[in-house]
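Structural overview for review
Now for the letters of each chain:
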Amino acid sequence: MDTSLFLAKFWGWYLLIFFFVLSFNPRRIQQIFEDLKDQKFLILAAFAAIIIGLLNILFHNVWELNWKFIITMLGWTSLFIGLGLFVFPEPTTRKLSVLNLKLVQTIYVLLFLLGIFLLNMGYQLVLL
């Protein structure tokens, strides 16, 4: 299977699952930010984000201006958020929580639409 198609499916499902979990249990996002105050949870979350981002980048670092670029940017974003949480935990957590509180519904809708778009590209349901 092509790496781009695999990662489109992975990120598409990941974003949709994340969207539905947060939609059906909106208190979960506040719980995550509360848990980030615990250093053990923060380090685990940072390592997970770094690993996911780094694997994504190593397998798919495509800088073409098409849908594949979105996958590359998701990998780099994951890597930088993980590094930020690991190296600068308090400022990064503060910025993420402020961003989330101000743009929560916009972020949810964008997650949903991006997930649908990537699943469409991965499964080639509708030709765009």
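Residues numbered from 1 in each chain as written. Predicted model: local features only at pLDDT ≥ 70, side-chain atom pairs only at ≥ 80, totals over all residues. Heavy atoms only, no water.

Some thoughts on the overall build of the chain
- Helix and strand content of the chain: 5 helices and 0 strands.
- Listing the helices and strands of the chain from first to last along the sequence gives α-α-α-α-α.
- Its C-alpha radius of gyration of 15 Å places the chain within 12% of the 14 Å reference for a compact globule of 128 residues.
- The principal-axis extents of the C-alpha atoms in the chain amount to approximately 45 × 30 × 20 Å.
- The burial tally for the chain puts 35% of its 128 residues in the buried class.
- In the chain, of all internal contacts separated by at least 6 residues, the share reaching a separation of at least 24 is 68%.
- Approximately 8,400 Å² of the chain is accessible, and the part contributed by carbon and sulfur atoms is 73%.
- The centroid of the 9 positive side-chain charges in the chain is displaced by 5 Å from the centroid of its 6 negative side-chain charges. (Helix = DSSP H or I, 4+ residues; strand = E, 2+ residues; numbered from the N terminus. Rg over C-alpha atoms; globule rule 2.2 N^0.38 Å. Buried < 20%, exposed > 50% of the residue type's maximum accessible area, 1.4 Å probe, protein only. Contact = heavy atoms within 4.5 Å. Areas by Shrake-Rupley, 256 points an atom, 1.4 Å probe, with all protein chains shown as cover. Lys, Arg positive; Asp, Glu negative; His and termini not counted. Charge placed at Lys NZ, Arg CZ, Asp CG, Glu CD.)

Some thoughts on the pattern of salt bridges
- Evaluation of the coordinates by the stated rule reveals 1 salt bridge.
- For Glu34, the salt bridge is made with Lys37, and the minimal N-O distance between the two is 3.2 Å. (Salt bridge = Lys/Arg side-chain N within 4 Å of Asp/Glu carboxyl O.)

Here's the deal with the UniProt feature "transmembrane region" (unreviewed entry) in the chain
- Per the UniProt record, "transmembrane region" (unreviewed entry) is found at residues 6-25, 41-63 and 69-88.
- Along residues 41-63 the backbone is 83% helical and 0% strand, and the end-to-end C-alpha distance reaches 33 Å.
- A helix fraction of 95% and a strand fraction of 0% characterise residues 69-88, whose end C-alpha atoms lie 27 Å from each other. (UniProt positions renumbered as here; feature names shortened; annotations may be inferred.)

Topic: helix α4 (residues 67-87)
- Between its terminal C-alpha atoms α4 stretches 31 Å, which fits the 30 Å expected from 21 residues at 1.5 Å a residue.
- Taken together, the buried positions of α4 are Trp67, Ile71, Thr72, Leu74, Gly75, Ser78, Leu79, Gly82, Gly84 and Leu85.
- Where α4 begins, the capping side chain belongs to Asn66, and its oxygen is found 3.0 Å from the backbone nitrogen of Lys68. (Expected span 1.5 Å × (residues − 1). Polar contact = N/O pair within 3.5 Å; in protein donor to acceptor, adjacent residues only side chain to side chain.)

Here's the deal with the packing of helix α3 (residues 39-59) against α4
- Packing of α3 against α4 leaves a shortest axis separation of 7 Å and a crossing angle of 150°. The orientation of α3 with respect to α4, classified from their angle, is roughly antiparallel. Of the two possible hands of crossing, α3 and α4 adopt the one that is left-handed. Contacts from Leu42, Ile43, Ala46, Phe47, Ala49, Ile50, Ile52, Gly53, Leu54, Asn56 and Ile57 in α3 reach Ile71, Thr72, Gly75, Trp76, Ser78, Leu79, Gly82, Leu83, Leu85 and Phe86 in α4. (Axes fitted to C-alpha atoms, helices over the stretch in contact; angles between N-to-C directions. Parallel < 35°, antiparallel > 145°, perpendicular 65-115°, else oblique. Left-handed = near helix turned anticlockwise from the far one by under 90°.)

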